[in-house]
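Coordinate analysis (summary)
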Amino acid sequence: MIASPPRIGGLDVQSWGDPQDPVVLLIGAPQGLSPDWRRWVRALVEAGRHVLLADALEAGDEAAGLRRLLTDISSRPAILCSAQTLAAAVPALVVTGPALASCLIVAGEAPVEATAPLDGLPILTLDPDAPADPGETADAVILAFLERQAPREALYYQAGSDPRTLRDALGCFATGVTVVTTQDEAGQPVGLTANSFSSVSLDPPLILFCLARSSSNLERFQRAAHFAINVLHIGQQPMSGAFARSSAERFDGVAWETWDTGAPILSGSLASFECATHQVVEAGDHLVFIGRVTRARFEPRRDPLLYFRGRYRRLHFA
Ligand SMILES: Cc1cc2nc3c(=O)[nH]c(=O)nc-3n(C[C@H](O)[C@H](O)[C@H](O)COP(=O)(O)O)c2cc1C
């Protein structure tokens, strides 16, 4: 193993393997690397991973130090940390974890509560006392987990492949999240979460969203002559969840108002667009609803709720 000491995030970092490969960042490894950690480094490099080992983080400044380090690594690394370092890693990864790292591997026994704040970050705990499956070494478990959570190779879709692969490919396009709404013929509010929102034209002012033919609200949107699109801010993630679940009670506890058409405008949204339905285009298993914007309101100060690779995200400035 050849080590060279670059500086990343203000820390000395030893590195092994090809810098073009996906990064695995080791933190809290025992001084001089114990035999287990050495074996892991070797196995990771042989499996095509670029391993970085950071200097000890400065006591009292661990979370900020780790965050600096993660921000300075050009791609989202996988993190391999010891159970003892977990307490320092968790505060650095709370909320922004999935934006900073692809996954977390904890070498050692870690109570479930310890990682509970890291919602959305895939975690593998290597409990040394847990009986391993016969023939399954810790190295193999780590590599299999990395292959799932931080694949090395690009994945391919071609016509006829599993639609899930196409979905995963499309999930590489980060979007905002909206709740599209209308009012049905009985005057009832209707709404669902949609990230298929796009601007279409400035003159005339047109926007669109795509509605699955399987939607229980398809006919309501088809019959209504109008709809509204509410762009959600980072604090409205629970609302996104509620409007994506099948429930008749989506508007319970939600503050909303109406403007000209009766389509619900969700209070406090990052932006709301009220539209007259301009055109509905049949497109495979979805209908494309194009609306002519008649009114819009937007909030200049809040951050958007984002959606990327099937998970909610927040803005992270490069
Ligand atoms: C982030 C996110 C984005 C979504 N985007 C869309 C979309 O663009 N179009 C769509 O038809 N469904 C979309 N869905 C799924 C619907 O919100 C979900 O299926 C909902 O239960 C449909 O409700 P309905 O059958 O009452 O219309 C999305 C769900 C989530 C969580």
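For clarity, every value in this text was computed on a predicted model and none was experimentally measured.

1. Description of the overall build of the protein
- What the protein contains, in helices and strands, is nine helices and 19 strands.
- Structurally, the protein occupies a C-alpha span of about 70 × 45 × 40 Å along its principal axes.
- Expressed as a percentage of its 318 residues, the buried residues of the protein come to 42%.
- Long-range pairs, those at least 24 residues apart, make up 65% of the contacts in the protein between residues at least 6 apart in sequence.
- For the protein, the accessible area works out to roughly 17000 Å², and carbon and sulfur atoms hold 52% of it.
- With 26 positive and 35 negative side-chain charges, the protein shows a separation of 4 Å between the mean positions of the two kinds.

2. Re the packing of aromatic side chains
- If you walk through the whole model with that rule in mind, you get ten aromatic pairs.
- Measuring from centroid to centroid gives 6.4 Å for F227 and F289, while their planes differ by 85 degrees, and the two rings are edge-to-face. With F227 in strand β13 (residues 226-231) and F289 in strand β17 (residues 286-298), this pair connects stretches of sequence that are 62 residues apart. F289 carries the same exposure label as F227, and that label is buried.
- A centroid spacing of 5.2 Å and a plane angle of 65 degrees characterise the contact between Y307 and Y312, whose relative ring orientation is edge-to-face.
- Judged by relative accessible area, Y307 falls into the partly exposed class, the value being 28%.
- The exposure class assigned to Y312 is partly exposed, which follows from its relative accessible area of 27%.

3. Digging into the side chain of T182
- Within the secondary structure layout, T182 lies in strand β9 (residues 178-183).
- Separated by 2.8 Å, the side chain of T182 and the backbone oxygen of H226 make a polar contact.
- When neighbours within four sequence positions are excluded, T182 is seen to be in contact with Q188, P189, V190, R220, F221, A224, H226, F227, A263 and P264.

4. Describing the environment of C81
- Following the sequence through the fold, C81 ends up in strand β5 (residues 78-82).
- Judged by its relative accessible area of 0%, C81 falls in the buried class.
- Residues C81 and G28, 53 residues apart in the sequence, show an inter-C-alpha distance of 5.7 Å.
- Look past the residues within four positions of C81 in its chain and what remains in contact with it is I27, W37, L86, L104, I105, V106 and A107.

5. Thoughts on the domain arrangement of the protein
- Partitioning the protein into domains gives domain 1 (7-149) and domain 2 (175-313).
- Computed from C-alpha coordinates alone, the two centres of domain 1 and domain 2 are separated by 39 Å.

6. Regarding the nonpolar core
- Ranked by internal contacts, the top residues of the largest apolar core, which has 26 residues, are L25, I27, L66, L69, I79, L93 and L104.
- Elements with a minimum of two residues in this core: β2 (11-16), β3 (23-27), β4 (50-54), α2 (62-72), β5, α3 (86-93) and β6 (103-107).
- Those residues in contact with L104, other than ones at most four positions away along the chain, are I79, C81, L86, L118, L121, P122, I123, L124 and F145.
- Among the nonpolar cores identified, the runner-up in size contains 21 residues, and L33, W40, L80 and L124 belong to it.

7. Considering the sheet that holds β4
- Across the sheet, seven strands lie side by side as β1-β2-β4-β3-β5-β6-β7; this open sheet has mixed pairing. Single-partner strands in this sheet number two, and they are β1 (7-8) and β7 (123-126).
- Packed onto the sheet, α2 meets β1, β2, β3, β4 and β5 and runs at close to 165 degrees relative to β3.
- Its contacts with the sheet place α3 against β3, β5 and β6, and it is angled at close to 145 degrees to β5.

8. Side note on the sheet that holds strand β12 (residues 206-212)
- As summarised here, the arrangement of the seven strands in space is β10-β9-β13-β16-β17-β12-β11, forming an open sheet in which the pairing is antiparallel. Looking at the sheet topology across the chains shown, the edges are occupied by β10 (189-194) and β11 (198-201). Adjacent strand axes in the sheet meet at a mean angle of 35 degrees, parallel and antiparallel pairs treated alike.
- Pairing geometry for β11 and β12, over three bridges, is antiparallel. Each residue of the ladder has a partner; that of S199, found in β12, is I207.
- This element, helix α9 (residues 237-244), spans β9 and β10 of the sheet and lies at about 110 degrees to β10.

9. Comments concerning the packing of helix α1 (residues 35-46) against helix α6 (residues 138-149)
- For the pair α1 and α6, interaxial distance at closest approach is 10 Å and the crossing angle is 45 degrees. Here α1 is positioned oblique relative to α6, judged by the angle of their axes. The handedness of the crossing between α1 and α6 comes out as right-handed. For the pair formed by α1 and α6, the contact residues are R39, W40, A43 and L44 on the first element and A138, D139, I142, L143 and L146 on the second.

About the cut-offs
Residues numbered from 1 in each chain as written. Predicted model: local features only at pLDDT ≥ 70, side-chain atom pairs only at ≥ 80, totals over all residues. Heavy atoms only, no water. Helix = DSSP H or I, 4+ residues; strand = E, 2+ residues; numbered from the N terminus. Buried < 20%, exposed > 50% of the residue type's maximum accessible area, 1.4 Å probe, protein only. Contact = heavy atoms within 4.5 Å. Areas by Shrake-Rupley, 256 points an atom, 1.4 Å probe, with all protein chains shown as cover. Lys, Arg positive; Asp, Glu negative; His and termini not counted. Charge placed at Lys NZ, Arg CZ, Asp CG, Glu CD. Phe/Tyr/Trp six-rings, centres within 6.5 Å; stacked < 30°, edge-to-face > 60°. Polar contact = N/O pair within 3.5 Å; in protein donor to acceptor, adjacent residues only side chain to side chain. Domains from an automatic or database assignment. Core = buried A, V, L, I, M, F, W, Y, C linked by side-chain atoms within 4.5 Å. Pairing = 2+ DSSP bridges. Axes fitted to C-alpha atoms, helices over the stretch in contact; angles between N-to-C directions. Parallel < 35°, antiparallel > 145°, perpendicular 65-115°, else oblique. Left-handed = near helix turned anticlockwise from the far one by under 90°.

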